[in-house]
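Okay, here's what each chain looks like letter by letter:
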Amino acid sequence: MSRETEGASQQTDARSVGATARCRVRVRGVVQGVGFRPFVFRLAQQLDLAGWVRNDAEGVEMEVQGAPGNLSALLARLIKEVPPLARIDSVEKSDCPPLAADRGFTIRPSEGGAVTTAIGHDSVVCPDCLDELFDPANRRWRYALINCTHCGPRYTLTRALPYDRANTSMAGFVQCESCQDEYDAPTHRRFHAEPNACPDCGPQLSLVQADGVRVASHDPVADALLHLLTGHIVAIKGVGGFNLVCDARNPEAVERLRERKQRGDKPFAVMVANTASVRQYARVRPDEADLLEAPERPIVLLDKRGDADLHLWGVAPELDQIGLMLPNSPLHYLLFHDEAGRPAGTAWLEQAQPMALVVTSANPGGEPLVTGNDEALARLSGIADLYLMHDREVLVRCDDSVARITAGAPSFIRRARGYTPQAIRLADKGPTTLAFGSYLKNTVCLTRGDEAFLSPHVGDLANAASCAALDAAADHLMTVLACRPEWIACDRHPDSYATQAAHRLAQMHDLPLIAVQHHHAHIAAVLAEHGVDDPVLGLALDGVGLGDDGAAWGGELLWVDGASFERLGHLAPLALPGGDRAAREPWRMAASALHAMDAAAAIAERFAHLRGAERIGALLDAGTRCPPTTSMGRWFDAAAGLLGICDVMHYEGEAAMRLEAIAAEYGPALALPGAWHVDAANTLDLLPTLAALRPSMPAPRGAAVFHATLIAALEAWVVATARARGVRTVALGGGCFLNRLLTEGLSRRLAVRGLIVLRARQAPTNDGGLSLGQAWVAIRSAMA
């Protein structure tokens, strides 16, 4: 039965029952810019209800009048049949006197006020718009900025709430008569679709040469595709900013993009037309297909097929997984449509297509993502050969999100386009708190009531532009959510720009500030999204975070009780020969491990091919520039160095990622018995594990044995500590839990031992989730 038929069958004539009732209904959640008012209008018509509906700063408000049974049916169907992009958090009803003169149902203009609603997220093109996009008879045939209330950009083109056209980057585009008719028609799916436009009245595409001269092109998409297929690099304006794009099947083009972007061997993401095309390069389980095809359209890390590197040479070297994504904008679809020969209809989208495109963020030198047209011409000079752009402004930069399925559920590596600004529900309401994150993978978090809003990924705060992007992200969250913080939170590292920015804002507005220890924040982020208030055991494993003793921590077993924590144990420290340089050169960590094993004499011979190897032993003997660290990340580096897998890293995490890839390819291995020990201070020492990684051991077997033994050691350490403290819940946090072998293996073994395991799901487990944890600790402090 259709919704229309079902609705008609539920209608009741108020006069037949001799009673009319009226009520006011308040709906909160993501209910603006998602077709919610037209949805209410249609329900009211089907149920013979009079009244009105409107947007305001709290969400959607309506008054409805009619037969009591029909009012009840409306409330039930509001929740049951909610539009695809909407999210209802609450529905509040209050009775009011019927109005005898009220006839018909209307949609009223929006009202302002104190904002308590949220903007919808950016969403992929819906099936109805795809039908129009590929219908040669439709007036929007191949229009690159097609959208409706069920799809398209929201967050990235919105300045403020209420979500009306005047508050978006479409304010300057006056709708033509046909578009205005759609916009004004309550029964049309483009009713009050704020970005609504067509080729006659909307933003236009242009193709621009590297020197800034506009190409005289009748079809910019077709001409851009020709350049891509002949090996050029094209900067393409997407939903949240520019991407650099080349043909992933062309090794020369891929290598040229690497060189120009100075990317080293860091893996690229690849865009293909559909899931059938993904299967040409990767193995895809049903839950991974669901994630690929989700409206948010993240990059999804998938296991490579055996021949993937033959077809996509140099895209993701030395790794067992590859990041794949489907088109997330109409413009992307048009490139694949052209390559397929411009077939009519959408049947071609069900068939595997041969084209594969490298699609990477246009962020030269690690700076923020490029969003503006003039900015692209200036900052991408020397990288892009051509620019495919349009004149709809991107108001909020939003990188592509990156996710994978871990232990049977999605988890984030980077949370941005599509997922921002979806709220993370907290267990309780608390004071509005603004948290500034940390130096690496920075995000900002603003809480409002019982909701936490993470900014898009800002990135590493290694340059002035990224620091400015952090300030802009904080300002935008405060503007678009129309709230000012009552508390400020940050990391405890005094040299981080994020910490300094937090202190400045707190001093400027005389606000209380709490500095949260790095690893406490990792565990707190997990507790925040799971709504856990009880004390837990937290295992925080990452690369580095400033400890309360001034040392570099990163392998921590914590007792976390709200705003307080206690360090119950940690990994045995390793020396960092050369300081921070050791974090980039795994051979140095291997040398440190050999020195700790009283095998320093083997360093010069084992690493004779590396400059400085003959001097490292003396440096470690003297302890000069060799600060200690308890970082789990450095233990991974030491293992990779000892096995000869990676001597020097060209991107963050390379050694650990390659170690994991080789271990996964090898398959299961048995843990080495007794290859670790825990002392009276609850310090876990893994040196016996590293000692077993002899030069004669094949690297794949060594990598698998290292993972198996590490998991067994952590299991024993955590279980013993949990029993000693009388706790059954353990939270896992920190960037090392991006390692799927570690996360799935340890989670499974801890669960078998009777522990409840909590992991990050809605926020990244790496430093991208720190701001959420900082905010949670600040709220707990304020409420203590």
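Residues numbered from 1 in each chain as written. Predicted model: local features only at pLDDT ≥ 70, side-chain atom pairs only at ≥ 80, totals over all residues. Heavy atoms only, no water.

S.K.: Explain the packing of aromatic side chains to me, using residue names and the numbers behind them.
M.R.: Counting across every chain of the model gives six aromatic pairs. Seen from their ring centres, phenylalanine 134 and tryptophan 348 are 5.3 Å apart, and the 80° between their planes marks the pair as edge-to-face. Of this pair, phenylalanine 134 sits in the loop between α5 (127-133) and α6 (177-184) while tryptophan 348 sits in the loop between α12 (330-339) and β13 (357-361), placing them 214 residues apart in sequence. You can call phenylalanine 134 buried: its relative accessible area is 0%. A centroid spacing of 4.7 Å and a plane angle of 80° characterise the contact between phenylalanine 412 and tyrosine 419, whose relative ring orientation is edge-to-face. When sorted by exposure, phenylalanine 412 lands in the same class as tyrosine 419, which is buried. The ring of tryptophan 553 carries the charged tip of arginine 567 above its face, separated from the ring centre by 3.8 Å. If you follow arginine 725 out to its NZ or CZ, it ends over the ring of tryptophan 559, 4.5 Å from the centre. (Phe/Tyr/Trp six-rings, centres within 6.5 Å; stacked < 30°, edge-to-face > 60°. Helix = DSSP H or I, 4+ residues; strand = E, 2+ residues; numbered from the N terminus. Buried < 20%, exposed > 50% of the residue type's maximum accessible area, 1.4 Å probe, protein only. Lys NZ or Arg CZ within 6 Å of the ring centre and 35° of its normal.)

S.K.: Quick rundown of the packing of helix α17 (residues 586-596) against helix α20 (residues 632-642)? Include the residues and the values.
M.R.: Contact pair α17 / α20: the axes reach a minimum separation of 7 Å and the direction vectors enclose 90°. Between α17 and α20, the interaxial angle falls into the category roughly perpendicular. Within the contact between the two elements, α17 uses Pro586, Met589, Ala590, Ala593 and Leu594 and α20 uses Arg634, Asp637, Ala638, Gly641 and Leu642. (Axes fitted to C-alpha atoms, helices over the stretch in contact; angles between N-to-C directions. Parallel < 35°, antiparallel > 145°, perpendicular 65-115°, else oblique. Contact = heavy atoms within 4.5 Å.)

S.K.: Now, about the sheet that holds strand β17 (residues 424-430): what can you tell me, with residues and values included?
M.R.: The sheet built from five strands is open, its strands ordered β17-β19-β18-β20-β21 with mixed pairing. The sheet is open, and its two borders are formed by β17 and β21 (513-516), each paired with just one other strand. Across this sheet, the average inter-strand angle for adjacent strands is 30°, counted without regard to direction. Sheet topology places β17 next to strand β19 (residues 445-454); three bridges connect them, and they run antiparallel. Each bridged residue has a counterpart across the sheet, and for isoleucine 424 the counterpart in β19 is alanine 452. Taken strand by strand, helix α16 (residues 518-530) contacts β17, β20 (487-491) and β21, and its axis lies near 100° from that of β17. (Pairing = 2+ DSSP bridges.)

S.K.: Quick rundown of α12? Include the residues and the values.
M.R.: The buried fraction of α12 amounts to nine of the ten residues, a majority that puts the element mostly inside the structure. Within the span of α12, buried status applies to Pro330, Leu331, His332, Tyr333, Leu334, Leu335, Phe336, His337 and Asp338. Positive backbone phi, at 95°, marks glycine 341, one or two positions downstream of α12.

S.K.: Any chance you could break down the nonpolar core for me, citing the residues and the numbers?
M.R.: Counting 66 residues, the largest nonpolar core has Leu539, Met632 and Leu690 as its most contacted members. Per-element tally for this core: the top contributor is helix α23 (residues 699-725), with twelve residues. When residues no more than four places from it in sequence are discounted, the contact partners of methionine 632 are Leu541, Asp542, Gly554, Gly555, Leu571, Leu686, Phe706, Leu710 and Cys736. (Core = buried A, V, L, I, M, F, W, Y, C linked by side-chain atoms within 4.5 Å.)

S.K.: Got a sec to walk through the state of the cysteines? Specific residues and values, please.
M.R.: In this structure the tally under the stated criterion is zero disulfides. With no disulfide partner, cysteine 23 has as its closest neighbouring cysteine sulfur the one in cysteine 96, 6.5 Å distant. In this structure cysteine 126 is a free cysteine whose sulfur lies 3.6 Å from that of cysteine 148, the closest cysteine sulfur available. Using a relative accessible area of 7% as the deciding quantity, one classes cysteine 126 as buried. (Disulfide = S-S within 2.5 Å.)

S.K.: Account for the environment of glycine 29, naming residues and giving values.
M.R.: With respect to the element layout, glycine 29 can be found in strand β1 (residues 21-30). Along the chain, glycine 29 and valine 91 lie 62 residues apart, while their C-alpha atoms are 9.2 Å from each other.

S.K.: Describe the confidence of the model for the chain, and please don't skip the residues or the numbers.
M.R.: Averaged over all residues, the pLDDT of the chain is 94; the fraction at 70 or higher stands at 97%. For the stretch residues 1-17, pLDDT sits under 50, and the model shows 30 contacts to residues farther than four places along the chain or on other chains. (pLDDT = per-residue confidence, 0-100.)

S.K.: Please set out the pattern of salt bridges residue by residue, giving values where relevant.
M.R.: Per the stated rule, a full pass over the model turns up 49 salt bridges. Salt-bridge contacts for glutamate 652 lead to lysine 441; the nearest nitrogen and oxygen are separated by 2.6 Å. With a gap of 211 residues between them, glutamate 652 in the loop between α20 and α21 (654-666) and lysine 441 in the loop between β18 (433-435) and β19 connect regions that are remote in the sequence. Of the residues examined, glutamate 652 reaches a relative accessible area of 51% and is grouped as exposed. Its salt-bridge partner being arginine 725, residue glutamate 566 comes within 3.5 Å of it at the nearest N-O pair. Linking glutamate 566 in strand β24 (residues 564-571) with arginine 725 in helix α23, this pair joins segments that are 159 residues apart in sequence. Each of Arg22, Arg24, Arg54, Glu61, Glu63 and Asp102 takes part in one network of salt bridges that share partners. (Salt bridge = Lys/Arg side-chain N within 4 Å of Asp/Glu carboxyl O.)

S.K.: Hey, could you go over the sheet that holds strand β5 (residues 105-107) for me, with residue numbers and the actual values?
M.R.: One open sheet holds the five strands; their spatial order is β4-β1-β3-β2-β5, and the pairing between them is mixed. Of all strands in the sheet, those with a lone pairing partner are β4 (87-96) and β5, marking the two edges. With direction set aside, neighbouring strand axes in the sheet form an average angle of 15°. Across seven bridges, the pairing between β1 and strand β3 (residues 59-66) is antiparallel. Each bridged residue has a counterpart across the sheet, and for alanine 21 the counterpart in β3 is glycine 66. Across the sheet, helix α3 (residues 36-46) is in contact with β1, β2 (50-56), β3, β4 and β5; its angle to β5 comes to roughly 175°.

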